[in-house]
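# Structural features, examined
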Amino acid sequence: GLLMNYCEKFKALSDPIRLDILDELAKGELSAGDIANKFSLSHSKVSYHLSILKKVNMVSERKYKNYIYYTLNLKGVEDTMSWFNRFRWLK
């Protein structure tokens, strides 16, 4: 259900490397190689983290020639933020 969906999103956000990847993607589109170089990670590790972020709709991909480029999926990020907005009225 909906609650499980949020649990998956928050679990995806619980890893500092994935948070760093989202932070970098907020600045613009990157290839998996760019991300691997930026964080000194193996390509398999980058693929693993990106697959988790794609699964929870926080990252989108676009294929161009032999490369795959990744961008922040604003809809997925906004959806996650909306969960927190329920508590704005609490003071």
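Keep in mind it's a predicted model, so treat the numbers as computed, not measured.

Helix and strand counts for the protein stand at five helices and three strands. Helices (α) and strands (β) of the protein occur, in sequence order from the N terminus, as α-α-β-α-α-β-β-α. Projecting the C-alpha coordinates of the protein onto the three principal axes gives extents of approximately 50 × 25 × 25 Å. Each of the 91 residues in the protein was classed as buried or not, and the buried ones make up 32%. Contacts spanning at least 24 positions in sequence make up 53% of the contacts within the protein whose residues lie at least 6 apart. If you sum the accessible surface of the protein, you get close to 6,300 Å²; carbon and sulfur atoms cover 57% of it. Counting 15 positive and 10 negative side-chain charges, the protein places the centres of these two groups 4 Å from one another.

Glancing now at the side chain of Glu 24. Tracing the backbone through its elements, the reader meets Glu 24 in helix α2 (residues 16–25). Residue Glu 24 is classed as buried on the basis of its relative accessible area, which comes to 16%. If near-sequence neighbours (up to four positions away) are discounted, Glu 24 is found in contact with Leu 30, Lys 38 and Phe 39.

Criteria and cut-off values
- Residues numbered from 1 in each chain as written.
- Predicted model: local features only at pLDDT ≥ 70, side-chain atom pairs only at ≥ 80, totals over all residues.
- Heavy atoms only, no water.
- Helix = DSSP H or I, 4+ residues; strand = E, 2+ residues; numbered from the N terminus.
- Buried < 20%, exposed > 50% of the residue type's maximum accessible area, 1.4 Å probe, protein only.
- Contact = heavy atoms within 4.5 Å.
- Areas by Shrake-Rupley, 256 points an atom, 1.4 Å probe, with all protein chains shown as cover.
- Lys, Arg positive; Asp, Glu negative; His and termini not counted.
- Charge placed at Lys NZ, Arg CZ, Asp CG, Glu CD.

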